Amino acid sequence: MNLMEKAIEAKNNSYSPYSNFRVGAALLTKDGKIYTGCNIENASYSPSCCAERVAFFKAISDGYKEFSAIAISGDKENCYPCGVCRQVMSEFCAENFKIYIDDKEYTLKDMLPYSFDLEK
Ligand code: THU
(Lines give C-alpha, C1' and ligand atoms only; values in the text may rest on other atoms or scores of the structure.)
Protein backbone atom coordinates (compact mmCIF):
# COMPACT_ATOMS: atom_id res chain seq x y z
CA MET A 1 0.00 0.00 0.00
CA ASN A 2 1.45 3.41 -0.90
CA LEU A 3 1.48 6.51 1.32
CA MET A 4 -1.74 8.01 -0.05
CA GLU A 5 -3.58 4.70 0.24
CA LYS A 6 -2.53 4.56 3.90
CA ALA A 7 -3.85 8.11 4.45
CA ILE A 8 -7.17 7.16 2.86
CA GLU A 9 -7.40 4.06 5.05
CA ALA A 10 -6.57 6.09 8.18
CA LYS A 11 -9.75 8.15 7.62
CA ASN A 12 -11.73 5.09 8.74
CA ASN A 13 -10.67 5.71 12.36
CA SER A 14 -11.54 9.42 12.34
CA TYR A 15 -13.54 10.54 15.36
CA SER A 16 -15.33 13.57 13.91
CA PRO A 17 -18.96 13.66 15.11
CA TYR A 18 -18.97 17.50 15.29
CA SER A 19 -17.65 18.43 11.88
CA ASN A 20 -18.56 15.19 10.10
CA PHE A 21 -15.37 15.77 8.13
CA ARG A 22 -12.91 12.88 8.21
CA VAL A 23 -9.19 13.37 7.59
CA GLY A 24 -6.45 10.76 7.36
CA ALA A 25 -2.70 11.27 7.17
CA ALA A 26 0.26 8.98 6.56
CA LEU A 27 3.72 10.19 7.57
CA LEU A 28 6.89 8.62 6.15
CA THR A 29 10.00 8.55 8.35
CA LYS A 30 13.40 8.92 6.71
CA ASP A 31 14.10 5.24 7.36
CA GLY A 32 10.91 4.11 5.65
CA LYS A 33 8.41 3.59 8.49
CA ILE A 34 4.85 4.88 8.04
CA TYR A 35 2.81 6.43 10.87
CA THR A 36 -0.86 7.14 10.27
CA GLY A 37 -3.18 9.58 12.00
CA CYS A 38 -6.81 10.66 11.86
CA ASN A 39 -8.59 13.72 13.22
CA ILE A 40 -9.93 13.32 16.75
CA GLU A 41 -12.56 15.82 17.87
CA ASN A 42 -14.00 16.75 21.26
CA ALA A 43 -17.32 18.12 22.54
CA SER A 44 -15.37 21.08 23.89
CA TYR A 45 -13.96 21.65 20.35
CA SER A 46 -10.56 23.15 21.21
CA PRO A 47 -8.99 19.86 22.40
CA SER A 48 -9.58 18.45 18.88
CA CYS A 49 -6.49 17.39 16.99
CA CYS A 50 -5.84 17.21 13.25
CA ALA A 51 -4.87 13.98 11.53
CA GLU A 52 -1.43 15.35 10.62
CA ARG A 53 -0.45 16.18 14.20
CA VAL A 54 -1.72 12.82 15.45
CA ALA A 55 0.59 11.12 12.92
CA PHE A 56 3.55 13.34 13.90
CA PHE A 57 3.06 12.89 17.63
CA LYS A 58 2.69 9.12 17.33
CA ALA A 59 5.99 8.97 15.42
CA ILE A 60 7.85 11.43 17.66
CA SER A 61 6.69 9.63 20.80
CA ASP A 62 8.20 6.46 19.33
CA GLY A 63 11.54 8.24 18.90
CA TYR A 64 11.39 9.29 15.23
CA LYS A 65 12.44 12.85 14.43
CA GLU A 66 13.33 12.72 10.74
CA PHE A 67 10.66 12.63 8.09
CA SER A 68 10.54 12.74 4.32
CA ALA A 69 6.86 13.02 3.35
CA ILE A 70 3.22 13.12 4.45
CA ALA A 71 0.08 12.21 2.50
CA ILE A 72 -3.21 13.81 3.52
CA SER A 73 -6.73 12.80 2.52
CA GLY A 74 -9.90 14.59 3.57
CA ASP A 75 -13.52 13.80 2.81
CA LYS A 76 -13.33 16.52 0.14
CA GLU A 77 -10.50 17.43 -2.20
CA ASN A 78 -7.91 20.07 -1.33
CA CYS A 79 -7.62 19.29 2.37
CA TYR A 80 -4.64 21.53 3.05
CA PRO A 81 -2.94 21.35 6.47
CA CYS A 82 -3.91 24.04 8.96
CA GLY A 83 -1.40 26.63 10.18
CA VAL A 84 -0.76 24.82 13.45
CA CYS A 85 0.09 21.58 11.64
CA ARG A 86 2.38 23.46 9.23
CA GLN A 87 4.24 24.90 12.23
CA VAL A 88 4.61 21.42 13.77
CA MET A 89 5.99 20.19 10.44
CA SER A 90 8.49 23.05 10.37
CA GLU A 91 9.85 21.98 13.77
CA PHE A 92 10.86 18.55 12.50
CA CYS A 93 11.09 18.78 8.70
CA ALA A 94 13.32 20.44 6.15
CA GLU A 95 12.00 22.87 3.54
CA ASN A 96 11.99 20.07 0.95
CA PHE A 97 9.68 17.83 3.06
CA LYS A 98 7.02 16.57 0.63
CA ILE A 99 3.30 17.07 1.24
CA TYR A 100 0.95 15.02 -0.96
CA ILE A 101 -2.67 16.15 -1.16
CA ASP A 102 -4.91 14.13 -3.48
CA ASP A 103 -2.81 13.83 -6.64
CA LYS A 104 -0.73 16.98 -6.02
CA GLU A 105 2.73 17.33 -4.51
CA TYR A 106 3.98 20.33 -2.50
CA THR A 107 6.96 21.06 -0.29
CA LEU A 108 6.89 22.44 3.22
CA LYS A 109 8.43 25.61 1.81
CA ASP A 110 5.42 25.99 -0.53
CA MET A 111 3.07 25.63 2.43
CA LEU A 112 4.96 27.68 5.01
CA PRO A 113 7.34 30.24 3.51
CA TYR A 114 9.19 32.62 5.84
CA SER A 115 8.63 30.33 8.82
CA PHE A 116 9.87 31.18 12.29
CA ASP A 117 13.09 29.35 13.08
CA LEU A 118 15.60 30.49 15.70
CA GLU A 119 18.43 28.92 13.71
CA LYS A 120 17.86 30.82 10.45
N1 THU B 1 -8.62 18.71 9.93
C2 THU B 1 -7.55 17.86 9.88
O3 THU B 1 -7.50 16.84 10.57
N4 THU B 1 -6.54 18.16 9.02
C5 THU B 1 -6.55 19.20 8.14
O6 THU B 1 -5.63 19.33 7.35
C7 THU B 1 -7.66 20.14 8.14
C8 THU B 1 -8.71 19.93 9.17
C9 THU B 1 -9.74 18.35 10.80
C10 THU B 1 -9.94 19.22 12.01
C11 THU B 1 -11.42 18.95 12.29
O12 THU B 1 -11.53 17.74 13.03
C13 THU B 1 -12.03 18.72 10.93
O14 THU B 1 -10.94 18.43 10.06
C15 THU B 1 -12.81 19.90 10.39
O16 THU B 1 -12.07 21.06 10.44
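The structure reproduced in this document is the subject of the present report. Not measured: the values here are computed from a predicted model.

Remarks on the site of the ligand
Inference 1: Close contacts around the ligand come from Ser-19, Phe-21, Val-23, Asn-39, Glu-41, Cys-50, Ala-51, Glu-52, Cys-79, Tyr-80 and Pro-81, and that covers them all.
Inference 2: Take Asn-39: an N or O atom from its side chain is 2.9 Å from an oxygen atom of the ligand.
Inference 3: With respect to the ligand, the backbone of Tyr-80 contributes an N or O atom lying 3.2 Å from an oxygen atom.
Inference 4: Summarising the interface, the protein chains cover 76% of the accessible area of the ligand, which totals 380 Å² for the free molecule.
Inference 5: Residue classes in the shell around the ligand are distributed as seven nonpolar, two polar and two charged.

Regarding helix H1 (residues 3-10)
Inference 1: Buried residues of H1: Leu-3, Met-4, Ala-7 and Ala-10, and no others. The buried side chains of H1 occupy one side of the element, clustering within an arc of 120° when seen end-on.
Inference 2: The inward-facing, buried residues of H1 abut strand E1 (23-29), strand E2 (34-38), strand E3 (67-74) and strand E4 (98-101).

Brief notes about a nonpolar patch on the surface
Inference 1: A contiguous nonpolar patch, built from Tyr-15, Tyr-18, Ile-40 and Tyr-45 and spanning about 440 Å² of accessible area, is present on the exposed surface.
Inference 2: Here Ile-40 shows up in the loop between E2 and helix H2 (51-61).

Thoughts on the sheet that holds E2
Two modes of strand pairing occur in sheets, parallel and antiparallel, and in both the strands are linked by backbone hydrogen bonds.
Inference 1: Strand order across the open sheet formed by five strands is E2-E1-E3-E4-E5, with mixed pairing between neighbours. Edge positions in the open sheet fall to E2 and strand E5 (104-107), since each of these has one partner strand only. The mean angle between the axes of side-by-side strands here comes to 20°, regardless of whether they run parallel or antiparallel.
Inference 2: Pairing of E3 with E4 involves four bridges; the strand directions are parallel. Note on E4: the bridge partner recorded for Ile-72 is Ile-101.
Inference 3: Its contacts with the sheet place H2 against E1, E2 and E3, and it is angled at close to 140° to E2.

Remarks on the side chain of Arg-86
Inference 1: Checked against the element boundaries, Arg-86 lands in helix H3 (residues 83-92).
Inference 2: Despite its burial, Arg-86 pairs with no opposite charge; the closest candidate is Glu-52, at 7.8 Å N-O.

Concerning the pattern of salt bridges
Inference 1: Summed over all chains, the structure comprises two salt bridges.
Inference 2: Among the salt bridges present, the one from Asp-75 reaches Arg-22, with a minimum N-O distance of 2.9 Å. Of this pair, Asp-75 sits in the loop between E3 and H3 while Arg-22 sits in the loop between H1 and E1; the two residues are 53 residues apart in sequence, bridging distant segments of the chain.
Inference 3: Owing to a relative accessible area of 36%, Asp-75 belongs among the partly exposed residues under this scheme.
Inference 4: Given a relative accessible area of 32%, Arg-22 falls into the partly exposed group.
Inference 5: Close ionic contact of Asp-102 with Lys-104 constitutes a salt bridge, the shortest N to O distance being 3.8 Å.

Topic: the nonpolar core
Inference 1: Core analysis: the biggest nonpolar cluster contains 22 residues, and Leu-27, Phe-56, Phe-67, Ile-70, Phe-97 and Ile-99 have the highest contact counts within it.
Inference 2: Those elements that place two or more of their residues in this core are E1, H2, E3, H3, E4 and helix H4 (108-111).
Inference 3: Sort the elements by how many residues they give to this core and H2 lands first, with five residues.

The rules behind the values
Residues numbered from 1 in each chain as written. Predicted model: local features only at pLDDT ≥ 70, side-chain atom pairs only at ≥ 80, totals over all residues. Heavy atoms only, no water. Near = heavy atom within 4 Å. Polar contact = N/O pair within 3.5 Å; in protein donor to acceptor, adjacent residues only side chain to side chain. Areas by Shrake-Rupley, 256 points an atom, 1.4 Å probe, with all protein chains shown as cover. Nonpolar A, V, L, I, M, F, W, Y, C, P; charged D, E, K, R; others polar. Buried < 20%, exposed > 50% of the residue type's maximum accessible area, 1.4 Å probe, protein only. Helix = DSSP H or I, 4+ residues; strand = E, 2+ residues; numbered from the N terminus. Arc of directions from axis to C-beta. Contact = heavy atoms within 4.5 Å. Patch = residues over 30% accessible without salt bridge, like charges linked within 9 Å, V, L, I, M, F, W, Y side chains within 5 Å. Salt bridge = Lys/Arg side-chain N within 4 Å of Asp/Glu carboxyl O. Pairing = 2+ DSSP bridges. Axes fitted to C-alpha atoms, helices over the stretch in contact; angles between N-to-C directions. Lys, Arg positive; Asp, Glu negative; His and termini not counted. Core = buried A, V, L, I, M, F, W, Y, C linked by side-chain atoms within 4.5 Å.

Purely geometric numbers; function is a separate question.
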